[in-house]
Structures are given as structure tokens and as C-alpha cells.
Amino acid sequence: MREPFPLPMPLHLPTLLYTCIAALVLSAGLMSLFGTRLKTYRGFWHWTTAQWLLALGLLLQTQHQDTPWLLPLSTLLLLQGPITVLVGLRRFYSRHGIDVPVIADGLVLALACTGWLAVWAGFASASLSVSAFMVGMIVLHFYAAALISRLREFKGSVALQALAILEVMVASLLGLRLGWAITSGGGWPGSLNSLSPDSVLLATSLLSVIPGLLMVYLGPLMSWERTEHALRAKHRKLRFLADMDVLTRVPNRRRFHELAALSVAATKPGASVVMMLDIDHFKHINDLHGHASGDEALRQVAHCVRKTLREQDVAGRLGGDEFSLVLPDTEATAAISLAARIVALLGERQAESSRTRVSLSFGIVQMNANETVDAALRRADQALYEAKRQGRSRAVVATGAEAQPVFSESRPLGLDGGSWSDAEAVGA
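### As for helix H12 (residues 291-308)
Counted at 1.5 Å a residue, the expected span for H12 with its 18 residues is 26 Å, and the 26 Å between its end C-alpha atoms agrees. Buried within H12 are the following residues: Gly 294, Ala 297, Leu 298, Gln 300, Val 301, Ala 302, Cys 304, Val 305 and Thr 308.

Structure follows, in C-alpha cells:
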């Protein structure tokens, strides 16, 4: 005859206590080693400190029967766990932070500690003292979970979500245990029914240190998430630097050609305008006023170009003082109006300051069907050269083949330039 399935052995709390102390010491030691050998962020040492203090609190729990004054000290060391971890999170995520002031953390911890001390010092029963400790832990864990969920990074951080869930689970289990004690007149369910108040306090302490114990995993995970976020930000910055002209904040030559090709491919053949512009007598500006004035002129021109273009238009700096534009669904006459608008806006900005006054010349071509951007740029460059030849500060439209260009009569561009609107820009 088979023997019945053996019942599980009852939990031996002293063994669990020393096991938990050993685990906390090990995890705190690993955290300390991690912090001294590798790069850490602000707040990391708060989590490590919380683990050391929790281990010390549990160790003092083993001695308070022989030395009664150790009981309040061990209890306070255990109560600090959720708040010390929370303060570490505040420092770790200090850039955005939590909208609840940090003084509230201290007030909640002081309330929990004072409440338990008042019950303990009032020579209340051991059961009431344990209940006060459980109420304090419930408040602290729920408070920590609520504030963790208010962090801006909460939705994107697995570590923060796991920590908040742990805090809620611990608080909920403590609440269920306290509710069971109140409704049933005390005692643990099942095989734990005969535990003394000291054992209940010990079991409660072991449960409450779980979030602090698991910081050995969650702390490095949050550090890894932070490092990954920083690397992504650096990658975006490097990508920006690789694609953009830093001085003028418009796409550089390589990026312009990429965007221009995409724009032309997405537009009806022959419905795009390519424009080239540069600053008249730019070398003279650099020689006479210095390269700082030349750089400022480039920034002002680029600013006016960016402010004038539509969302679908593409602009770029080809080099030196040369800028190029691709205007999809646009006719050459509308492009002349755009050039006038750029000049007018530049004139307004120069009139409001003492900066060196500059003028612009433009070369404009209507792209032919199946024409590449490079070919259109060469024709636009011919038109720009013709605008220079005719006296500068004007726009010239080139038609015909590159080998035999035909130039329209140039349009002088002054401070009272025309307007640029979507209505004008849309081709027939």
C-alpha cells in the first residue's frame, strides 16, 4: 500500500530569517561591488544602503528578546526600506522627477515610525504592536508604489513597473494578513495558526524586505535602461550631426541629395522646381568684416529659407554660401515669388539689427520629365551664374537643355518682395 503524499513541512521562520539576512548581505555586497567597479548613476547608493540597513534590521530582530531596546531600532531600520529606495529613485530620475515634494517622503516615514513607537512605548499588547508595524509597512509600500507610478519614465521602464508591482503586492499581502487577523481574532491561517506575536512580526519583516532584496536585479536593470537611453540619444545626435549642417541647421549636401531624390520620386514628373541661391559678394563680407560676420549672414539666410518653405519642400547647404531647394508641385513663377519672400524676410531681419546687409541671387529651373536632381542642379547653377552676370540681387529662370540654356529676363529682388503661398505654389 502506497503511503499518502506527505504534507509540506511547516515553515521554520528562524531559518528563513537567517537565509534572508544572508541573501540581503550577498545582494548588498554585489551592489557595492557593482557600484565601485562600474559606472553608476545618482541614487544607486541609496538602494545599496537600503539593503545594508534592511539586513542590519533583520539581524537585530534575532537579538531583541535578549536586549529589548534593539526592537525599536530594528523596526525603524525595516521601516526605512521603501522610502530609502524611493529617495534613490528621485535622484536617479532627477531630470524629470516626481511632482510630490521630497519632504513628503520624510513625513510619511516619520508618521509610520512615530505611530509604531507610540503603540510600542504605550506598553500595548504584542499583537497591537505588530499590527501597528504592519499598518506602517502597508502605508509606506503603497506610498512608494504610488510615487513610482508618477515618474515620467514609468511607462517605458520594465524595472520601474516591476518595482511598483512588488510594492503593491507586499502592501496587499500585509493588508490581507491584517484583515484576516482583525476578522478572525488573530492567528495565521493553516499551519501558521500557532505563531506567537514575535513570529508574526518576524514573518511580516521578511515579507516587507522583498522589494529591497530584489533591488540587486532591478538596480542594475534601471542603470542598463538609463545607459541604453543615453546611447540612443547620442545616436540621434550623431545622426543629426551627420545629416545636418551645424552652422545653418539645414541638411548638408549628402542629406539634401537623399531628401531631394525622395521628393522628386514622389512627385509627378516635371512638376518640381530646383532652385540655387547664394550670397552676393560673400568673400568680400568675410574679408572686410571677418568670418564671424560671414557665419552670421549664413545663419540669417538659412533661417529665412526655413521660415519660408512649406513642409514638403527640401532645402540644403551645398557648401560655402550656396544653398539649394527642391520645391515639389511648383511652377517657376511661384518659385520667383518664393525667392522674393526670402529676400523680403531677410531684409526685415537686417533692418531690425546692425548686422552686415547682404543680398541674394537665385537660379531657378523647372525639372524636366525623367531629369535627375543633379542634372537640374547644374542647370540651376547656370541660371544662378546668369543672375550674377546681370547684376546680382535678382532671380533668373533657365529653360532648355544644359548645353543650350535659355534664360528669362531676370527679376530684381528688393526688400518689397512678393509673397509665397500654397495657392501660387501648386502647379497646373
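### Some points on the side chain of Thr 75
With respect to the helices, strands and loops of the structure, Thr 75 is situated in helix H3 (residues 70-92). With relative accessibility at 0%, the residue Thr 75 sits in the buried group. In contact with Thr 75, other than residues within four places in its own chain, are Trp 116 and Phe 133.

### Here's the deal with the pattern of salt bridges
Counted according to the given criterion, the structure contains 17 salt bridges. Between Arg 90 and Asp 105 there is a salt bridge, and its shortest N-O distance comes to 2.6 Å. Residue Arg 90 is located in helix H3, and its partner Asp 105 is located in helix H4 (residues 103-121); the two are separated by 15 residues in the primary sequence. Given the relative accessible area of 12%, Arg 90 is considered buried. Measuring nitrogen to oxygen at the nearest pair gives 2.5 Å for the salt bridge that ties Asp 243 to Arg 254. With Asp 243 in helix H9 (residues 215-243) and Arg 254 in helix H10 (residues 253-265), the pair connects residues that are eleven residues apart, well separated along the chain. The class of Arg 254 is partly exposed, set by a relative accessible area of 37%. Residues joined by salt bridges that share partners form a network here, namely Arg 239, Asp 243, Arg 254, Arg 255 and Glu 258.

### Describing the packing of aromatic side chains
Tallying each qualifying case throughout the model produces seven aromatic pairs. With centroids separated by 6.0 Å and ring planes inclined at 90°, the aromatic side chains of Phe 44 and Trp 45 adopt a geometry described as edge-to-face. With a relative accessible area of 38%, Trp 45 lands in the partly exposed category. Aromatic ring contacts, followed pair by pair, group Phe 34, Tyr 41, Phe 44, Trp 45, Trp 47, Phe 92 and Tyr 93 into a single cluster. A cation sits over an aromatic face here: Arg 226 above Tyr 41, 4.5 Å from the ring centre. Above the ring of Phe 92, the side-chain terminus of Arg 226 is found at 5.0 Å from the ring centroid.

### Some points on the confidence of the model for the protein
In the predicted model, the protein carries a mean pLDDT of 84, and 87% of its residues have values of at least 70. Low pLDDT, under 50, characterises residues 1-9; the predicted model gives this stretch zero contacts beyond four residues in sequence or across chains. When the criterion is pLDDT under 50, residues 186-195 qualifies, and its contacts beyond four places in sequence or with other chains add up to 14 contacts.

### What to know about the nonpolar core
Ranked by internal contacts, the top residues of the largest apolar core, which has 54 residues, are Trp 47, Leu 58, Leu 89, Ile 148, Leu 160 and Met 222. Those elements that place two or more of their residues in this core are helix H1 (13-37), helix H2 (44-61), H3, H4, helix H5 (126-148), helix H6 (158-184) and H9. Broken down by element, the residue count for this core peaks at ten residues, all from H5. Once residues lying within four places of it in the same chain are set aside, the contact partners of Trp 47 are Met 31, Val 85, Gly 88, Leu 89, Phe 92, Met 215, Gly 219 and Met 222. Among the nonpolar cores identified, the runner-up in size contains 35 residues, and Val 273, Leu 309, Leu 325 and Ile 364 belong to it.

What counts, and at which threshold
Per chain, residue numbering runs from 1 following the sequence as it is written. Per-residue local features are limited, in this predicted model, to residues with pLDDT of at least 70; the limit for side-chain atom pairs, both in listing and counting, is 80 or more; totals at the level of whole chains, interfaces and linings are taken over all residues. Excluded from the side-chain calculations are hydrogens and water; all other atoms, namely the structure's heavy atoms, are used. Helical segments are the DSSP runs of H or I of at least four residues, strand segments are the runs of E of at least two, and each set is numbered from the N terminus. By this rule the span expected of a helix is its residue count minus one, scaled by 1.5 Å. Classification of residues uses two cut-offs on accessible area relative to the type maximum, computed with a 1.4 Å probe and protein chains only: under 20% is buried, over 50% is exposed, and between them is partly exposed. Contact definition: two residues touch when any of their heavy atoms are within 4.5 Å. A carboxyl oxygen of Asp or Glu within 4 Å of a side-chain nitrogen of Lys or Arg is what we treat as a salt bridge. For this analysis, a ring pair means two rings from Phe, Tyr or Trp (six-membered ring only for Trp) whose centres lie within 6.5 Å, classed as stacked if their planes differ by under 30 degrees, edge-to-face if by over 60, and tilted for the remaining angles. Charge over a ring is defined by NZ of Lys or CZ of Arg lying within 6 Å of the ring centre and within 35 degrees of the ring normal. pLDDT gives the predictor's per-residue confidence on a scale running from 0 to 100. Buried residues of nine kinds, namely Ala, Val, Leu, Ile, Met, Phe, Trp, Tyr and Cys, make up a nonpolar core once their side-chain atoms join them within 4.5 Å.

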